[in-house]
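Understanding the architecture of this molecule
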Amino acid sequence: MTSMTNTAPQLENELAATAVRRRRRRKEGDDDTRKTNWWATALIAVCSLTVLIPLYLAVVVALKTPDQLTAGTGFELPNPIRWENFAEAWTRTDFPQALANTAFITVGSVVFTLLTSSVVAYALARNIHRPFFKGVFFYLLAALFIPFPIIMLPLVKQTSILGLDNQVGMILLYTIYGLSLNIFIYTAYIRSIPIELEEAARIDGASTWRVFRSVIFPLLMPMNATVGILTCVWAWNDFIMPLVVLTEPSARTLPLAQYVFQGQFNTDYTVAFASYLMAMAPLLIVYIFSQRWVISGVTRGSIK
Amino acid sequence: MTITQAVRSSTPSKAVPQRAPRIRTEAKRAPSAYYWMVWPAVIAFAAFHTVPVIVGVFFSFTNYAGYGAWNFVGLSNYVNLFRDDRVLQAYGFSFLFAIVATILTNAFSLAIAMGLNAKIKARNFWRGVYFVPYILAILVIGYVFQFFFSNSLPKILAGVPLFADNILTNETWAWTAIVALAVWQSCAFAIIIYLSGLQTIPAELYEASSLDGASPWRTFRSITFPLIGAFFTINVVLSLKGFLQVFDPIVALTNGGPGTSTESVTLLIFRGGFSGGEFAYQTANAVIFFIVITIVSLFQFRVLQRREADF
């Protein structure tokens, strides 16, 4: 749209075009000609209660007074609603600090993972016939079998000696420990990218790094989504690694912050649940808005 | 061209004979940029993964407590492991838990995946709902389950003695609550994998079987299950390996109790290694655990893949 005069008709055209496109897409998505299976629908709906009931429980308990809670089973609707639980949980867990730590670690891990794993996987996938690269590939892959407990104890010593028992160290560890699985996911996909695309770029004088940046990395977007989602969920929710590695209380992540409510029995349940909700909320909200995209991304990563 | 010229040009300069060896060296060595891409990752991985593994294996032959002086003790850590009731109990619990949880996870998620693959109303919405547990921290949702088991259930099922007395404090049955939580969460990912498997099955096969008058059970047994064999293998191997290392659900629900009845191997290594002064001893335990997990995983792969190949 270059000038204002033809904006209106053009917009109209565009709208019509989108409408057609949308209709066509809906038709394509609905290529399933079977009859609606009402039994399956009912069954799926009933079973989904197992997912929804714990979430419902978390919400209603977080909005009650301790007296209301002890009077019932926990499932009753709160009356009156007590919002102060959230304020108290906010201060008691030092929520802004924990949120900032978790967000920093998660964003850092995702960014570094995407930048490093894809480069390594590219080099390995294109040279897998060479002994050195094949060796590296299997070396990294073998680590998938090593359970975390075996490195847990020495790792704690090592990170504290190197001064990496903080958020930066966590980013480094998530990036490195994710390498095995990510390379597995990336290499299979890179090998399906036709090599002619690269050769064309090379004839134009592009270096290997340039080829990766301008040709390969943009083509990797579906896999970047998968790896990004898996890394994000892992880094955000992980409990055992921050538990053993982080030493400063100020470096605490959200899952660790929830740990303070353990052992302070029943009386604190309402505040604790408000805190749990606040810890779950950020990722849950992001998920609600990107749901279809997340699922299709994970599906691609898990099978290819 | 004179003879001398010909001789001179065959010596290393820029004539034809030089080309052949150059191509060969190029085929052997990749452009240096590829090495620059790989080396930093290999070094970092070796430093933060392989070195701790080696250090761990090294200390498993000593009596290091995590601090202070230490001596070599040879294999005595390993020998003692097999005489330690607490360790044997942890292995027993981990295996019982992992086998039950693997069976339940795969049965439930396959059933739900088939439901989600059928033609149902609001299919994408339900798929979204079933994936929610995956994105929630198991530790945090575990506290919600703990409240449910210890406060809600005793009031709702006051007539059933098992639940009325809070199942989490029941030495014999507390592990079933942990199974419930772990299965609840891991079904989400397994469903997605099964769903992507089911979508690879061509619809014509089902049309053919319905023309032949096959029953739903027969269709499942003869078409669906064999064709998603690879996905079944992946799910079973991954879930057993993951469940053997169970940690978060236990911390959230029972913290190993009552007594040590729900103490998994990972929890034991964590507790003994960090606060029990058993650094070397529990590292030896971790080495054994690694060997056990590897053997179990490889064994499963062989058995399950042979079954796949039969078809």
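Of the regular secondary structure elements, chain A holds 15 helices and 0 strands. Each of the 304 residues in chain A was classed as buried or not, and the buried ones make up 49%. Long-range pairs, those at least 24 residues apart, make up 70% of the contacts in chain A with a sequence separation of at least 6. Counting every atom, chain A has about 15500 Å² of accessible surface; 67% of that belongs to carbon and sulfur.

A few words on the overall build of chain B. A count of helices and strands for chain B gives 15 helices and 0 strands. Considering only contacts within chain B whose residues lie at least 6 apart along the sequence, 67% involve residues at least 24 apart. When the accessible area of chain B is evaluated, it comes to approximately 15100 Å², of which 67% is carbon and sulfur surface.

Glancing now at a nonpolar patch on the surface. All names here are of chain A. A grouping of Val46, Leu49, Leu52 and Ile53 is seen on the molecular surface, where their side chains present a nonpolar patch of about 330 Å² in accessible area. It is helix α3 (residues 49–62) that provides the largest number of residues to the nonpolar patch, a total of 3 residues. Here isoleucine 53 lies in helix α3.

Moving on: the side chain of threonine 106 of chain A. All names here are of chain A. Structurally, threonine 106 is set in helix α6 (residues 95–126). Take threonine 106: its relative accessible area is 4%, and that puts it in the buried class. In contact with threonine 106, not counting residues within four places along its chain, are Cys232, Ala235 and Trp236.

The partner chain B presents 93 residues to the 95 residues of chain A that form the contact. Summing the contributions of chain A and of chain B, the shared interface buries around 8300 Å²; its carbon and sulfur component is 76%. It is Ile44, Phe145 and Leu153 of chain A that lose the most area in chain A upon contact with chain B, and together they represent 9% of the buried surface on that side. At the junction of chain A and chain B, the tally comes to 0 salt bridges. Across the chain A-chain B interface, the total number found is 15 residue pairs in polar contact (both at pLDDT 80 or more). The dominant element in the side of chain A that touches chain B, judged by the number of residues it contributes, is helix α15 (residues 269–303) of chain A, at 15 residues. When the residues that make up the side of chain A that touches chain B are grouped by side-chain class, the tally is 66 nonpolar, 20 polar and 9 charged.

All right, on to the packing of helix α7 (residues 131–142) of chain A against helix α9 (residues 167–191) of chain A then. Residue and element names in this part refer to chain A. Axis separation between α7 and α9 bottoms out at 8 Å; the angle between their running directions is 130°. Considering their axes alone, α7 and α9 lie oblique with respect to each other. Every pair of crossing elements has a handedness; the one defined by α7 and α9 is left-handed. Of the residues in α9, those touching α7 at Phe137, Leu140 and Leu141 are Leu179, Ser180, Ile183, Phe184 and Thr187.

Turning to the packing of aromatic side chains, a few remarks are in order. All names here are of chain A. Here the structure, examined in full by the defined rule, presents 45 aromatic pairs over all chains. Aromatic pair tyrosine 122 and phenylalanine 212: ring centres 5.4 Å apart, planes at 40°, arrangement tilted. With a gap of 90 residues between them, tyrosine 122 in helix α6 and phenylalanine 212 in helix α11 (residues 208–219) connect regions that are remote in the sequence. Residue classification places tyrosine 122 among the buried residues on the basis of a relative accessible area of 0%.

This next bit is on the confidence of the model for chain B. Residue and element names in this part refer to chain B. With 90% of its residues at a pLDDT of 70 or more, chain B has an overall mean of 84. Within chain B, the lowest mean pLDDT, 43, falls on helix α1 (residues 3–10), and the highest, 94, falls on helix α5 (residues 85–117). Across the assembled chains, the prediction reports ipTM 0.80 with pTM 0.82.

On to the pattern of salt bridges. Residue and element names in this part refer to chain A. Applying the stated criterion across every chain, the model contains 7 salt bridges over all chains. The partner of arginine 92 in a salt bridge is glutamate 88, and the shortest N-O contact between them spans 2.7 Å. Separated by 4 residues within a single helix, arginine 92 and glutamate 88 lie in helix α5 (residues 84–92), roughly one turn from each other. For arginine 92, a relative accessible area of 33% translates into the label partly exposed. By relative accessible area, which is 31% here, glutamate 88 ends up partly exposed. The partner of aspartate 268 in a salt bridge is arginine 92, and the shortest N-O contact between them spans 3.3 Å. Highlighted residues: aspartate 268 in the loop between α14 (254–258) and α15 and arginine 92 in helix α5, separated in sequence by 176 residues. Overall, the relative accessible area of 17% leaves aspartate 268 in the buried class. A cluster of three or more residues bridged by salt bridges with shared partners is formed by Glu88, Arg92 and Asp268.

Turning next to unusual backbone geometry. Backbone phi values are negative for most residues with the exception of glycine, while trans is the configuration of most peptide bonds. Residues and elements named next belong to chain B. Although it is not a glycine, alanine 122 adopts a positive phi angle of roughly 50°. When its relative accessible area of 45% is taken as the criterion, alanine 122 is described as partly exposed. Positive phi outside glycine occurs at asparagine 166, with the angle close to 65°. You can call asparagine 166 buried: its relative accessible area is 15%.

Moving on, we come to α6 of chain A. Across its 32 residues, α6 of chain A extends 46 Å between first and last C-alpha, which sits within 8% of the 46 Å expected from 1.5 Å per residue. Bending of α6 of chain A peaks at approximately 25° at the position of threonine 113 of chain A.

For the rest of this paragraph, the subject is the state of the cysteines. Inspection of every chain in the model, using the stated rule, returns 0 disulfides over all chains. Left unpaired, cysteine 47 of chain A is separated from the closest cysteine sulfur, that of cysteine 187 of chain B, by 10 Å. Looking at cysteine 47 of chain A, the relative accessible area reads 30%, which means it is partly exposed.

Turning to the confidence of the model for chain A, a few remarks are in order. All names here are of chain A. Predicted confidence across chain A gives a mean pLDDT of 83, with 86% of residues reaching 70 or more. Summarising per-element confidence for chain A, the mean pLDDT is lowest in helix α1 (residues 7–29) (50) and highest in α6 (94). Within the model, the stretch residues 22–29 combines pLDDT values under 50 with 0 contacts to residues more than four positions away or in other chains.

Turning our eyes to something else, we now look at the packing of helix α9 (residues 174–198) of chain B against helix α12 (residues 229–244) of chain B. Residue and element names in this part refer to chain B. The N-to-C vectors of α9 and α12 enclose an angle of 160°; their axes lie 10 Å apart at closest approach. On the basis of their axis angle, the class for α9 and α12 is roughly antiparallel. Here the hand of the crossing between α9 and α12 comes out right-handed. Each of Ala182, Ser186, Ala190, Ile193, Tyr194, Ser196 and Gly197 in α9 lies in contact with α12, whose residues at this interface are Phe231, Phe232, Asn235 and Phe243. The class makeup of the residues in the contact of α9 with α12 is 7 nonpolar, 4 polar and no charged.

Here is what the cut-offs are and how they apply
Residues numbered from 1 in each chain as written. Chains lettered and ligands numbered in written order. Predicted model: local features only at pLDDT ≥ 70, side-chain atom pairs only at ≥ 80, totals over all residues. Heavy atoms only, no water. Helix = DSSP H or I, 4+ residues; strand = E, 2+ residues; numbered from the N terminus. Buried < 20%, exposed > 50% of the residue type's maximum accessible area, 1.4 Å probe, protein only. Contact = heavy atoms within 4.5 Å. Areas by Shrake-Rupley, 256 points an atom, 1.4 Å probe, with all protein chains shown as cover. Patch = residues over 30% accessible without salt bridge, like charges linked within 9 Å, V, L, I, M, F, W, Y side chains within 5 Å. Salt bridge = Lys/Arg side-chain N within 4 Å of Asp/Glu carboxyl O. Buried area = accessible area lost by both parts, 1.4 Å probe. Polar contact = N/O pair within 3.5 Å; in protein donor to acceptor, adjacent residues only side chain to side chain. Nonpolar A, V, L, I, M, F, W, Y, C, P; charged D, E, K, R; others polar. Axes fitted to C-alpha atoms, helices over the stretch in contact; angles between N-to-C directions. Parallel < 35°, antiparallel > 145°, perpendicular 65-115°, else oblique. Left-handed = near helix turned anticlockwise from the far one by under 90°. Phe/Tyr/Trp six-rings, centres within 6.5 Å; stacked < 30°, edge-to-face > 60°. pLDDT = per-residue confidence, 0-100. Expected span 1.5 Å × (residues − 1). Bend = angle between axes of the 7 residues up to and from the residue. Disulfide = S-S within 2.5 Å.

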